[in-house]
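Each chain, letter by letter, is given below.
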Amino acid sequence: LSTLATLARQAVLGGAMGVAGGALATLALNRLTLPGGLHPLFVIALAVSVFGITSYLDGSGFLAVYVAGLVVGNSGVRAYPTITRFLESATWLCQIVMFLLLGLLVTPSRLIQYAPESLAIALFLIVIGRPAAVWICLKPFGFTPPEINFVSWVGLRGAVSIFLATVPT
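Residues numbered from 1 in each chain as written. Predicted model: local features only at pLDDT ≥ 70, side-chain atom pairs only at ≥ 80, totals over all residues. Heavy atoms only, no water.

**Details of the nonpolar core**
Consideration 1: Core analysis: the biggest nonpolar cluster contains seven residues, these being Ala25, Leu29, Val43, Leu46, Val72, Val77 and Ile83.
Consideration 2: Listing elements by their share of this core, those giving two or more residues are helix H1 (2-31) and helix H2 (38-56).
Consideration 3: When near neighbours in sequence (up to four residues on either side) are disregarded, Val77 contacts Thr26, Leu29, Asn30, Val72 and Ile83. (Core = buried A, V, L, I, M, F, W, Y, C linked by side-chain atoms within 4.5 Å. Buried < 20%, exposed > 50% of the residue type's maximum accessible area, 1.4 Å probe, protein only. Helix = DSSP H or I, 4+ residues; strand = E, 2+ residues; numbered from the N terminus. Contact = heavy atoms within 4.5 Å.)

**Brief notes about the packing of aromatic side chains**
Working definition: an aromatic ring pair is given by the centre-to-centre distance plus the angle between the planes.
Consideration 1: This structure, assessed with the given rule, holds one aromatic pair.
Consideration 2: Aromatic side chains Phe51 and Phe62 sit 5.0 Å apart centroid to centroid with 70° between the ring planes, which places their arrangement in the edge-to-face category. Taken as a pair, Phe51 in helix H2 and Phe62 in helix H3 (residues 61-73) lie far apart in primary sequence, eleven residues in all. (Phe/Tyr/Trp six-rings, centres within 6.5 Å; stacked < 30°, edge-to-face > 60°.)

**Regarding the packing of H2 against H3**
Consideration 1: Two elements in contact, H2 and H3, have axes separated by 8 Å at closest approach and are oriented at 140°. For the crossing formed where H2 meets H3, the hand is right-handed. Along the contact surface, H2 presents Ala47, Val50, Phe51, Thr54 and Ser55, while H3 presents Gly61, Phe62, Ala64 and Val65.
Consideration 2: A class-by-class count of the residues in the contact of H2 with H3 yields six nonpolar, three polar and no charged. (Axes fitted to C-alpha atoms, helices over the stretch in contact; angles between N-to-C directions. Left-handed = near helix turned anticlockwise from the far one by under 90°. Nonpolar A, V, L, I, M, F, W, Y, C, P; charged D, E, K, R; others polar.)

**Description of the packing of H1 against H2**
Consideration 1: Where H1 meets H2, the closest approach of the two axes is 10 Å, and the angle between their N-to-C directions is 155°. Judged by the angle between their axes, H1 and H2 are roughly antiparallel. Crossing angle aside, the handedness with which H1 passes H2 is right-handed. Residue-level contacts link Leu13, Gly14, Met17, Gly21, Ala25, Ala28 and Leu29 of H1 to His39, Phe42, Val43, Leu46, Val50, Ile53 and Thr54 of H2.
Consideration 2: When its residues are assigned to classes, the contact of H1 with H2 shows ten nonpolar, four polar and no charged. (Parallel < 35°, antiparallel > 145°, perpendicular 65-115°, else oblique.)

**Focus on a nonpolar patch on the surface**
Consideration 1: Where nonpolar side chains cluster on the molecular surface, the patch consists of Ile121, Leu123, Phe124, Leu125, Ile126, Val127, Ile128, Phe150, Val151, Trp153 and Val154 and spans about 1,000 Å² of accessible area.
Consideration 2: Broken down by secondary-structure element, the contributors of at least two residues to the nonpolar patch are helix H5 (111-138) and helix H6 (145-153).
Consideration 3: Here the nonpolar patch takes seven residues from H5, the largest share from any one element.
Consideration 4: Considering the arrangement of structural elements, one finds Ile121 in helix H5.
Consideration 5: Taking the relative accessible area as the measure of exposure, Ile121 reaches 53% and is therefore exposed. (Patch = residues over 30% accessible without salt bridge, like charges linked within 9 Å, V, L, I, M, F, W, Y side chains within 5 Å. Areas by Shrake-Rupley, 256 points an atom, 1.4 Å probe, with all protein chains shown as cover. Salt bridge = Lys/Arg side-chain N within 4 Å of Asp/Glu carboxyl O.)

Given below as structure tokens:
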């Protein structure tokens, strides 16, 4: 029961801090006059701040940053194209580094040993886990069911969750 209470507290606090952080980021981006190249760095600083404050308060920093990104991305923000271009480039760089690091964790001689469990987990996450999470996250923002289904089935799936699963190990 204590684990469920901890998860619930972290989810509620992460979601609330994400909404508040996203609203604050939107307000700050639209009110502050920054030189052109500083908007993306300001967004990253805000994301790191939301993560840190939420984690300090014993909430889910990852959820808070994700929700804040959803709020900012669905709001009218000045310098949106500049921010988007920079973050897309940073995302590709991080994905390259992440897959490189994941590749270094593989021991080829042990692949067959872990294949059955790994495939079962992957199948669950692909068919049930990701679509459910996408529906929960996108439905409140007014996306239509076909749009939500599309987002559920495209893009890199599982890279972040795989990477985060290596943290405890």
